[in-house]
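What follows is the residue order along each chain.
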4 protein chains.
Amino acid sequence: MTKGRLEAFSDAVIAIALTIMVLELKVPHDPSWAALRALWPVFFSYVLSFVYIAIYWNNHHHMLHAADRIDGSILWANMHLLFWLSLFPFVTGWLGENHFAPLPAAVYGFVTLMAAIAYYVLQQRIIASQGPGSRLREMVGRDVKGRISPVLYVAAIGFAFVNRWISIALYVAVALMWLIPDRRIESRLR
Amino acid sequence: MTKGRLEAFSDAVIAIALTIMVLELKVPHDPSWAALRALWPVFFSYVLSFVYIAIYWNNHHHMLHAADRIDGSILWANMHLLFWLSLFPFVTGWLGENHFAPLPAAVYGFVTLMAAIAYYVLQQRIIASQGPGSRLREMVGRDVKGRISPVLYVAAIGFAFVNRWISIALYVAVALMWLIPDRRIESRLR
Amino acid sequence: MTKGRLEAFSDAVIAIALTIMVLELKVPHDPSWAALRALWPVFFSYVLSFVYIAIYWNNHHHMLHAADRIDGSILWANMHLLFWLSLFPFVTGWLGENHFAPLPAAVYGFVTLMAAIAYYVLQQRIIASQGPGSRLREMVGRDVKGRISPVLYVAAIGFAFVNRWISIALYVAVALMWLIPDRRIESRLR
Amino acid sequence: MTKGRLEAFSDAVIAIALTIMVLELKVPHDPSWAALRALWPVFFSYVLSFVYIAIYWNNHHHMLHAADRIDGSILWANMHLLFWLSLFPFVTGWLGENHFAPLPAAVYGFVTLMAAIAYYVLQQRIIASQGPGSRLREMVGRDVKGRISPVLYVAAIGFAFVNRWISIALYVAVALMWLIPDRRIESRLR
């Protein structure tokens, strides 16, 4: 019961964060190609963040599926994750409107890093609540992607002040890594 | 379980895309008939897009009803469809604010075309997952409307640069084609 | 199944229409009493529309509870109702920002009237689908409130151009009539 | 059935109120540290209100879980609570944009106070509907936090006009009091 309502609430928050991002794509007052072209950085950020949030929803859904019971610490760890996801519309807009300038690119990385940490904390809370022989721990396994992602986010934050395109390339790389089905990438990494 | 949550998440995204479109109907600062009349192109686009999204929700709901199990490829095909639907508030606002100017009318057609393709891909993924004797394949049948719509969208994109009203008339025609109950139109097309 | 998803989708659209209305309460840049006082017409419209939408949700929920199966005509009658409810944020903002000026007050009445008609159409579709001995027809009974409301909306539209306060008083009266529990008002009207 | 739909609708409204608050964090046009620093008061208010709404969702969920049946008075008491929660985006934006100026700080306290009262009224309606031996009354117990919070809100409203930081500190204190798991704080208060 509690789990169902936690899922419903999380779905709603994630769906809203995903969908109101489109409001950062300000409608131009001008029907020209120039006006459309000027939107590409915001559109690119929109696509990137859409993919990130979709990945989070996807993984969140599998993780909660494996959870048995929800206690207070899981509830709050979940709220903590939703908090960082709720900041995506803001950092996406800031990144796009400023053509991937160093500081917005670094702040974007900071929010993705914090979301990754929040996700990890939530995962650990669920595993702890399941005790030894946790179903979720088995599913997660060595969690190669989960361990690499934060490292790449930290690198992207640093590179933002050196060359913004390296930073953006790293965000794209992490998204692709999660989009490609699991087994293939994990076996390649072994 | 997975199917239930996929439906809930899709419902939320579609409902939000539908409802935040009204924010493009900017409240005039002036309580005059002139101010109200000036809104008609945005209002018209709003009605058109409302009908489009309602049709997508309706069809999406029947399609998922016929699906048995959800795998990763169906999940991502669904996300891809939601992505194009999430752009409706943007193209609706741009189309209306610029009185159906050629470029916004063509971009509107591009987004409807991409949504139609995404819908088709999702349908094929579900049919493939059901194997031979797929329930959904039977339901879809010859899919006359699904095959005609993209052709009309492409035509509308082209006509946008010739005569915008032909383009708008085509969008209205596709919407009406989907609104009219199935059997009648299919028998007329045979 | 279909009914559950129709309810979920309707809930989402109604909840969003209700909640994004608050965005019409523009945050003043000034922390003064004068700035707060200047907001009262928008705040008043907000409260009025909040109550209207809450009443619609409440009645919609009872009506669908009494429905047995959902066919295409019910689905579209429901979408038609959601369309008019989705316009509440717009008319609420326009009414409030222009201090209940005649035209916005009349347009507000037009949207409430159309929502009432859409609600009635949906009700009739469900009753028709249930055939003789319809559970919903019994629940609805003589439907005194449902018959009086549109008359009062039409009156309010007319009075908007004579004296705006009569118009606003009528909107408040209809809301109160629906808020007061049924039996009392119905027995008074007999 | 009614309870499930009431929960779903409440979840949607609470999730939207929570998530659209981020729209008050206006995206700066400037990618500088100065622009980011200038946002701290709005960001701080955002975090504070996020925690408040999360606490309300959490408690609301436990309270409805303990409810047996939903009557009209519970439905409207719930709508009344949602009304005050829906004002959080407004008061949060006003508080942050004006650097915690006295009047916005007091109005923030007023809305939190009204939400607390609405929550209490809803709780009493559910307890009354359960009659003697109410499960919810047992769960609520002496309700120490529920009784202290309104007193602190009233104090914060008063202090807003003396020293804004005392007022803000009180809002933070109430949030922390609710975040810390129950038993610890209750035993300390005895």
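The rules behind the values
- Residues numbered from 1 in each chain as written.
- Chains lettered and ligands numbered in written order.
- Predicted model: local features only at pLDDT ≥ 70, side-chain atom pairs only at ≥ 80, totals over all residues.
- Heavy atoms only, no water.
- Least-squares fit on C-alpha atoms with pLDDT ≥ 70 in both.
- Contact = heavy atoms within 4.5 Å.
- Phe/Tyr/Trp six-rings, centres within 6.5 Å; stacked < 30°, edge-to-face > 60°.
- Helix = DSSP H or I, 4+ residues; strand = E, 2+ residues; numbered from the N terminus.
- Buried < 20%, exposed > 50% of the residue type's maximum accessible area, 1.4 Å probe, protein only.
- Buried area = accessible area lost by both parts, 1.4 Å probe.
- Salt bridge = Lys/Arg side-chain N within 4 Å of Asp/Glu carboxyl O.
- Expected span 1.5 Å × (residues − 1).
- Polar contact = N/O pair within 3.5 Å; in protein donor to acceptor, adjacent residues only side chain to side chain.
- Nonpolar A, V, L, I, M, F, W, Y, C, P; charged D, E, K, R; others polar.

Topic: the relation of the copies chain D and chain A
The operation relating chain D to chain A is a screw motion whose rotation component is 90 degrees, with 0.0 Å of axial translation and a residual RMSD of 0.0 Å. In symmetry terms, the pair is related by a four-fold rotation axis. Within chain D, D:Ala12 has its C-alpha nearest the rotation axis, a separation of 4.5 Å. When the interface residues of chain D are mapped onto chain A, a mere 8% of them again fall at the interface, so the copies present different faces.

Structural notes on the packing of aromatic side chains
One pass over the full model with this rule turns up 68 aromatic pairs over all chains. An angle of 85 degrees between the planes, with centres 5.0 Å apart, marks the rings of A:Phe83 and D:Phe50 as edge-to-face. In this pair, A:Phe83 sits in helix α4 (residues 72–86) while D:Phe50 sits in helix α3 (residues 40–66), so the two residues belong to two different chains. Given the relative accessible area of 4%, D:Phe50 is considered buried. Between C:Phe90 and C:Trp94, the ring centres sit 6.2 Å apart and the planes meet at 25 degrees, which makes this aromatic pair stacked. You can see C:Phe90 and its partner C:Trp94 sitting in helix α5 (residues 88–97), four residues apart, about one turn around the helix.

Regarding the interface of chain C and chain B
Of the residues lining the interface, 30 residues belong to chain C; the matching set on chain B comes to 38 residues. Taken together, the two surfaces of chain C and chain B that pack against each other cover about 3,000 Å², and 77% of this comes from carbon and sulfur. Contact with chain B buries area across many residues of chain C, yet C:Arg5, C:Trp76 and C:Phe90 alone supply 27% of it, more than any other trio. The tally of links between chain C and chain B comes to two salt bridges. Note that B:Glu7 and C:Arg5 form a salt bridge whose closest N and O atoms lie 4.0 Å from each other. Secondary structure elements with two or more residues in the side of chain C that touches chain B: α1 (2–20), α4 (72–86), α5 and α6 (102–130) of chain C.

Some thoughts on the relation of the copies chain C and chain B
For the match of chain C to chain B, the screw axis carries a shift of 0.0 Å, the RMSD comes to 0.0 Å, and the turn is 90 degrees. Take the interface residues of chain C: only 10% of them recur as interface residues in chain B, which is what a contact between different surfaces looks like.

Details of the arrangement of the chains
Across all C-alpha pairs, the smallest distance from chain A to chain C is 9 Å, and the two are not in contact. One thing to see here is that chain B and chain D don't touch, and their nearest C-alpha atoms sit 9 Å from each other.

Description of helix α5 (residues 88–97) of chain B
When you tally the buried positions in α5(B), you get nine out of ten residues, the bulk of the element. Residues of α5(B) that are buried include every one of B:Phe88, B:Pro89, B:Phe90, B:Val91, B:Thr92, B:Gly93, B:Trp94, B:Leu95 and B:Gly96, and no others. Structurally, α5(B) contributes buried residues whose contacts are with α2 (33–37) of chain A together with α1 (2–20), α3 (40–66), α4 (72–86), α6 (102–130) and α9 (164–179) of chain B. Looking one or two residues beyond α5(B), the residue adopting positive phi is B:His99, at roughly 50 degrees.

Some words on α4(A)
With 15 residues, α4(A) extends 21 Å from end C-alpha to end C-alpha; this agrees with the ideal 21 Å at 1.5 Å per step. Burial analysis of α4(A) places eleven of its 15 residues in the buried class, the great majority of the element. Within α4(A) the residues assigned to the buried category are A:Ile74, A:Leu75, A:Ala77, A:Asn78, A:Met79, A:Leu81, A:Leu82, A:Phe83, A:Trp84, A:Leu85 and A:Ser86. Considering only its buried residues, α4(A) is in contact with α1 (2–20), α3 (40–66), α5 (88–97) and α6 (102–130) of chain A together with α3 of chain D.

Some remarks on the interface of chain D and chain A
If you look at the interface, chain D gives 37 residues, while chain A gives 30 residues. Of the roughly 3,000 Å² buried where chain D meets chain A, counting both sides, 77% is carbon and sulfur surface. In this assembly, chain D and chain A are joined by two salt bridges. The tally of links from chain D across to chain A stands at seven residue pairs in polar contact (both at pLDDT 80 or more). When contributions to the side of chain D that touches chain A are tallied by element, the ones reaching two or more residues are α1 (2–20), α2 (33–37) and α3 of chain D. Here the residues of the side of chain D that touches chain A are counted per class, giving 24 nonpolar, nine polar and four charged.

As for the environment of C:Pro89
Residues and elements named next belong to chain C. By secondary structure assignment, the location of Pro89 is in helix α5. Judged by its relative accessible area of 0%, Pro89 falls in the buried class. For Pro89 and Met21, which are 68 residues apart along the polypeptide, the C-alpha to C-alpha distance reads 4.7 Å.

Nothing here speaks to function; it is all geometry.
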